[in-house]
Amino acid sequence: TNFVLAQKKQINASTSCRNKTIVLYDTTLRYLTTEDELAAILAHEISHLVDLNQGAFNGQFACFTQSFAPKKYELKADKRAVDYLVSAGYHPVAEIVALNKITDQPRYDWNLSHPLGSKRMASVYEYIYSKYPQYLVENPYKDNVVYQNFLLTSRENRKKLQDKVKTNSNRQINYL
């Protein structure tokens, strides 16, 4: 695996199917303020790389399947990144903060390769809430403006999660 820092004007990081390389754009680094946030972005891309290195034909089939259902794999990589962050000693809420800093929020996501940033952050929050709730209580990001922005703008999504928890439901939540 190669890690490459590319000079680009856009905010992004990516994993190449072809040569198993993780590329971080230098512009992205300007938005990240903690080591935890950088670890969150890299953990997400490493998660993609793990998928690409598994399966038939040395992972080439994974490249093919990810290209047809990219949103599903983005959400999977977000959740696995939380596990990697916790295992490595980083704070998983950093992923929410990093996503809030670098993902855009167009009106609709039907024509995008990635889910809306709000859906990704809500999904990560739900995953942390269900698997690592102690990180939401002891949270160094509680006074962080970006995290506070997420909390304010995700009120409806967090209400859906609370309702799901109250009813002990296993149903899938469709976040805004």
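Residues numbered from 1 in each chain as written. Predicted model: local features only at pLDDT ≥ 70, side-chain atom pairs only at ≥ 80, totals over all residues. Heavy atoms only, no water.

S.K.: Sorry, what's going on with the confidence of the model for the chain here?
M.R.: Low pLDDT marks stretches whose predicted atomic positions should not be read closely. Taken over all residues, the pLDDT of the chain has a mean of 83, while the share at 70 or more is 82%. When pLDDT is averaged over each element of the chain, helix 5 (residues 93–102) comes out on top at 94 and helix 3 (residues 60–68) at the bottom at 63. (pLDDT = per-residue confidence, 0-100. Helix = DSSP H or I, 4+ residues; strand = E, 2+ residues; numbered from the N terminus.)

S.K.: Looking at this structure, how should I read helix 9 (residues 155–166)?
M.R.: Since the α-helix advances by 3.6 residues per turn, residues separated by three or four positions end up pointing in the same direction. Between its first and last C-alpha, helix 9 extends 16 Å over 12 residues, near the 16 Å set by a 1.5 Å rise per residue. Considered for burial, the residues of helix 9 that qualify are N157, R158, L161 and K164. What you see down the axis of helix 9 is that its buried residues fit within an arc of 115°, all on one side. Within helix 9, the exposed residues directed more than 90 degrees away from the buried face are R155, E156 and K166. (Expected span 1.5 Å × (residues − 1). Buried < 20%, exposed > 50% of the residue type's maximum accessible area, 1.4 Å probe, protein only. Arc of directions from axis to C-beta.)

S.K.: Could you clarify how one ought to interpret the sheet that holds strand 2 (residues 13–15) in this entry?
M.R.: Sheet strands pair by backbone hydrogen bonding; their relative direction is either parallel or antiparallel. Across the sheet, 3 strands lie side by side as 1-3-2; this open sheet has mixed pairing. Each edge of the open sheet carries a strand with a single partner, namely strand 1 (2–6) and strand 2. Taken over all neighbouring pairs, the strand axes of this sheet differ in orientation by 15° on average, direction set aside. Here 3 bridges tie strand 2 to strand 3 (residues 21–25), and the two strands are oriented antiparallel to one another. (Pairing = 2+ DSSP bridges. Axes fitted to C-alpha atoms, helices over the stretch in contact; angles between N-to-C directions.)

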